[in-house]
Amino acid sequence: MQTPSALQGMVTSPHHLASQAGLAVLKEGGTAIEAIIATASTLAVVYPHMTGLGGDAFWLISYPDGRTIAIDACGALATGATHELYTAAGHTTIPWRGGLAANTMAGTVSGWERALEESARSQPRLPLDRLLEDAIHYAENGRIVSASEAALLTEKHLELSGNETFSQACFLTGTALKEGSIQTSPQLAATLRTLARDGLDSFYDGSLARLIAADLEAAGSPLRPVDFLSHRANLHTPLHVETSWGRLYNTAPPTQGGAALLLLALYDRLPHAAHPETFEHLHGLIEATKQAFLYRNREIDGREHAEGRIRDLLADPTALDAMAERISMTQARPWTEETQWGDTTWMGAIDRNGMAVSMIQSLYFEFGSGVMLPGSGLLWQNRGSSFRLATSGWNCLTAGAKPFHTLNPAAARLKDGRVMVYGTMGGEGQPQTQAAVFTRHVQYGVPLQEAICRPRWLLGRTWGENSLSLKLEPGFPADTLAALHAAGHTIEELPERSIVMGHAGAIIRLPDGRLEGATDPRSDGGVATW
């Protein structure tokens, strides 16, 4: 459980090969941004159940001079994704799988391009074919199927077998790929080579874009070439909130980053326990989660006013005090909110110059919409399935709108001079796991790797489960469990190190330049150091 440390650079991700790909770029003089692109592209090949080029991404980039910026690489709803399209097909809600679920543009590659523009402001860029080198190698020569991928293919066999290309790749013998088997992705390799040769913008404009759009249309998606041509990743000012620990950062709507900040800001106003894993620690964070999620479920989505409202709230100590006063430190608030889930990958890197990157990239559900495109080998996301088939209100289906996102990369500039990047996959659990890791390490001084390894909790549903209980891994003190029961929490016990709890990671840069990093034993991850 030792926390890895280094001086020159560090990368962490939920797959060890991806972390190594990023570290190799750092060793060749690349920036943390370039390392993350190498990591992210490799993850798209070796961890395809969680991420890919057919999804969305959000970035936080913290510079050593004190600046922090965000990149929104979220795709909008297709212009042709109308209410009439779905009702004519007999749907009262947007389906989770299939062509009609593949209804939003994929923003990931545009985020890589926008991030590289930022990287070039710091130093000359490494060649794009170098950044994609490892991803191309594993796609062409093979990668080993992980336990989590094999388990999900078996579990989701029926709902994923409707797409012919996907079935040929993953269910060719009638059964799912086995853990430890070797899998190549030649069409995806060709796509990556095209991007390396023609530039990342060729994903949206050119022969590759037309090939992707044609395959999407053939699969029943409403996306068309005009949706590709109109897409851009945007540079943003991140959300932030001031706390007793320092300034915390996250991404603006349509992500739930505001809820993640709100959770910690409210908890900071509650009576603090002397030790972690006590009733006061868990109950305080769980009840702060409820208040943050109640706000999120009303106010945070892709509508124009959402960003302004959360910025105003996070900047208003009086309003935050009033929200915190709604929390009882003796009784659990009843919880009946039906909210969101989703799967993703978080990755972080810090380079020798102190640039720190927190990035999250996702297909939404495991394997996204289940639509694999024959010409490019891409799996397309189903993020737009979260839209409500309604004409007004929260996250309603509106052509050109961005969907609500569970994604939210986190960062912090602490009062003692440390810089921290951290995050996790896990949909509903992302803000909760961020808060667990952050408070354990920053507030209570638990070593970073131990803070991630310790048992975790999750309020609400994730990974397609509808249970709204408080889920706990084994290992919490008996008196803490008894107090949670007595306070009225409905507890569901999970296995040790359950995948439901997500795949967390973190890197910290200390004022003297030392780096400390951690990865999640619930994943296939690794911390790569130099």
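Residues numbered from 1 in each chain as written. Predicted model: local features only at pLDDT ≥ 70, side-chain atom pairs only at ≥ 80, totals over all residues. Heavy atoms only, no water.

Per an unreviewed UniProt entry, the chain goes by Gamma-glutamyltranspeptidase and derives from Gluconobacter morbifer G707.

1. Points about the overall build of the chain
When helices and strands are tallied, the chain shows 19 helices and 21 strands. The C-alpha radius of gyration of the chain comes to 21 Å, within 12% of the 24 Å expected for a compact globule of 530 residues. Structurally, the chain occupies a C-alpha span of about 60 × 55 × 45 Å along its principal axes. In the chain, which comprises 530 residues, the share counted as buried stands at 64%. (Helix = DSSP H or I, 4+ residues; strand = E, 2+ residues; numbered from the N terminus. Rg over C-alpha atoms; globule rule 2.2 N^0.38 Å. Buried < 20%, exposed > 50% of the residue type's maximum accessible area, 1.4 Å probe, protein only.)

2. Structural notes on the sheet that holds strand 1 (residues 5–6)
Backbone-to-backbone hydrogen bonds join strands into a sheet, with any given pair of strands oriented parallel or antiparallel. The seven strands lie next to each other as 1-20-19-15-14-9-8, forming an open sheet whose pairing is antiparallel. Strands with a single pairing partner mark the edges of an open sheet, and in this sheet they are strand 1 and strand 8 (239–242). Sheet topology note: the strand 8/strand 9 (residues 246–250) ladder contains four bridges and is antiparallel. Looking across to strand 9, one finds that Val241 is bridged to Leu248. (Pairing = 2+ DSSP bridges.)

3. Section: the packing of helix 2 (residues 32–46) against helix 6 (residues 133–141)
Between helix 2 and helix 6, whose axes approach to 7 Å, the crossing angle comes to 15°. The pairing of helix 2 with helix 6 is recorded here as roughly parallel in orientation. For the element pair helix 2 and helix 6, the recorded crossing hand is right-handed. Contacts from Ser41, Thr42, Val45 and Val46 of helix 2 reach helix 6 at Asp134, Ala135, Tyr138 and Ala139. (Axes fitted to C-alpha atoms, helices over the stretch in contact; angles between N-to-C directions. Parallel < 35°, antiparallel > 145°, perpendicular 65-115°, else oblique. Left-handed = near helix turned anticlockwise from the far one by under 90°. Contact = heavy atoms within 4.5 Å.)

4. Structural notes on the layout of surface pockets
Of the voids in this model, the largest pocket is the one considered here, and its volume is about 410 Å³. Taken together, 26 residues make up the lining of the largest pocket; nearest its centre are Ala169, Thr184, Ser185, Met372 and Gly377. When residues of the lining of the largest pocket are traced back to their parent elements, those giving at least two are helix 2, helix 9 (164–170) and helix 10 (186–198). Looking at the lining of the largest pocket, its residues break down into 14 nonpolar, 10 polar and two charged. (1 Å grid on protein atoms, 1.4 Å probe; cavity = no way out; pocket = protein on both sides within 12 Å on 5 of 7 lines; lining within 4 Å. Points joined across faces, edges and corners; volume = space filled by probe spheres on them. Nonpolar A, V, L, I, M, F, W, Y, C, P; charged D, E, K, R; others polar.)

5. Examining helix 10
Its 13 residues give helix 10 an end-to-end C-alpha distance of 18 Å, which sits within 8% of 18 Å, the value for a rise of 1.5 Å per residue. Where helix 10 is concerned, the buried positions are Leu188, Ala189, Thr191, Leu192, Thr194 and Leu195. Residues of helix 10 that are buried sit in contact with helix 2, helix 5 (128–131), helix 6 and helix 11 (207–218). (Expected span 1.5 Å × (residues − 1).)

6. Here's the deal with the environment of Thr278
Relative to the assigned elements, Thr278 resides in the loop between helix 13 (257–267) and helix 14 (279–299). C-alpha of Thr278 to C-alpha of Gly475: the two residues are 197 residues apart in sequence and 12 Å apart in space. Once residues within four sequence positions are removed from consideration, Thr278 is found in contact with Ala273 and Thr480.

7. Re helix 6
Since there are 3.6 residues in each turn of an α-helix, residues three or four apart along the chain are aligned in direction. Among the residues of helix 6, those classed as buried are Asp134, Ala135, Ile136, Tyr138 and Ala139. Buried residues in helix 6 make contact with helix 1 (16–27), helix 2, helix 5, strand 5 (143–144), strand 6 (182–183) and helix 10. Among the residues trailing helix 6, Gly142 stands out with phi positive, at a value near 115°.

8. With respect to the pattern of salt bridges
Scanning all chains against the criterion turns up 29 salt bridges. A salt bridge links Glu118 to Arg121; the shortest N-O distance between them is 3.2 Å. Note that Arg454 is salt-bridged to Glu450, the shortest N-O span being 2.7 Å. On the basis of relative accessible area, Arg454 is assigned to the partly exposed category, the value being 23%. Each of Arg97, Glu155, Lys156, Glu159 and Glu366 takes part in salt bridges that share partners, so that together they form one network. (Salt bridge = Lys/Arg side-chain N within 4 Å of Asp/Glu carboxyl O.)

9. A look at empty space enclosed by the protein
The gaps of empty space that remain are located by a probe, the size of a water molecule, rolled over the atoms. If you walk through the whole model with that rule in mind, you get three cavities of 30 Å³ or more. Approximately 60 Å³ is the volume found for the largest cavity. Every residue along the wall of the largest cavity is listed here: Phe58, Ala70, Ile71, Asp72, His236, Thr251, Ala252 and Pro253. The dominant element in the lining of the largest cavity, judged by the number of residues it contributes, is strand 4 (residues 68–73), at three residues. Partitioned by chemical class, the residues of the lining of the largest cavity number five nonpolar, two polar and one charged.

10. A short note on the nonpolar core
Among the nonpolar cores identified, the biggest contains 91 residues, and Trp59, Phe203 and Trp380 are the most heavily contacted of them. Here this core gets 11 residues from one element, more than from any other, and that element is helix 2. Listed in part, the 63 residues of the second largest apolar core include Trp245, Leu263, Leu285 and Tyr295. (Core = buried A, V, L, I, M, F, W, Y, C linked by side-chain atoms within 4.5 Å.)

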